[in-house]
Amino acid sequence: MARHKFVKFWVQSFLAGVPVIKHGFRNDDGVLLEVQTLKTRDIPALACDLCGEEWSSDVALNFLAHCLAYIRKVCSKEGPVFRIKYDAAHRIVEAEEVPESDLAERIRKALQRQ
């Protein structure tokens, strides 16, 4: 499993307060080889053991906080729809305004009903 998937699983589980997750490991052909129960707190170390690359949970949370602050700042206007992209080659997060779609209108209506 790629390192970035571990980060994704960890962030989602950590922020939601999920203590354990079930994860299936598969081969390149998509065949399920193994299912494991992973403790959320152990995922950073497990990523290092399996992928040979260490990452810090503090760095991941700081990156998330900076991304959310950037998105809040850029997307503060009501109305426009934005596409958020991460450019890994340049290590930057970008936001671009895109034409409204039917999905944006459906989301807006759903939020107004709440």
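Residues numbered from 1 in each chain as written. Predicted model: local features only at pLDDT ≥ 70, side-chain atom pairs only at ≥ 80, totals over all residues. Heavy atoms only, no water.

Draft legend 1. Spatial organisation of a nonpolar patch on the surface. A grouping of Leu103, Ile107 and Leu111 is seen on the molecular surface, where their side chains present a nonpolar patch of about 290 Å² in accessible area. Residue placement: leucine 103 occurs in helix H4 (residues 102-113). (Patch = residues over 30% accessible without salt bridge, like charges linked within 9 Å, V, L, I, M, F, W, Y side chains within 5 Å. Areas by Shrake-Rupley, 256 points an atom, 1.4 Å probe, with all protein chains shown as cover. Salt bridge = Lys/Arg side-chain N within 4 Å of Asp/Glu carboxyl O. Helix = DSSP H or I, 4+ residues; strand = E, 2+ residues; numbered from the N terminus.)

Draft legend 2. Quick peek at unusual backbone geometry. The phi angle at arginine 91 is positive, at roughly 55°, despite the residue not being glycine. Relative to the elements of secondary structure, arginine 91 occurs in the loop between strand E3 (81-87) and strand E4 (92-98).

Draft legend 3. Just the environment of glutamine 36, in detail. If you trace the backbone, glutamine 36 turns up in strand E2 (residues 32-39). Note: C-alpha distance between glutamine 36 and glycine 24 (12 residues apart in sequence) is 6.4 Å. When sequence neighbours within four positions are dropped, the list of residues in contact with glutamine 36 reads Ile21, Lys22, His23 and Phe25. Here the side chain of glutamine 36 touches glutamate 34 through a polar contact of 2.7 Å, side chain to side chain. (Contact = heavy atoms within 4.5 Å. Polar contact = N/O pair within 3.5 Å; in protein donor to acceptor, adjacent residues only side chain to side chain.)

Draft legend 4. Structural context of the nonpolar core. With 12 residues, the main nonpolar core is built from Phe6, Phe9, Trp10, Val11, Ile21, Phe25, Leu38, Ile43, Leu46, Ala47, Trp55 and Ala60. Elements with a contribution of two residues or more to this core: helix H1 (3-16), strand E1 (20-26) and helix H2 (43-51). Among the elements that line this core, the one with the most residues is H1, at 4 residues. In this structure leucine 38 touches Phe6, Pro19, Val20, Ile21, His23, Ile43 and Leu46, once residues within four positions along its chain are discounted. (Core = buried A, V, L, I, M, F, W, Y, C linked by side-chain atoms within 4.5 Å. Buried < 20%, exposed > 50% of the residue type's maximum accessible area, 1.4 Å probe, protein only.)

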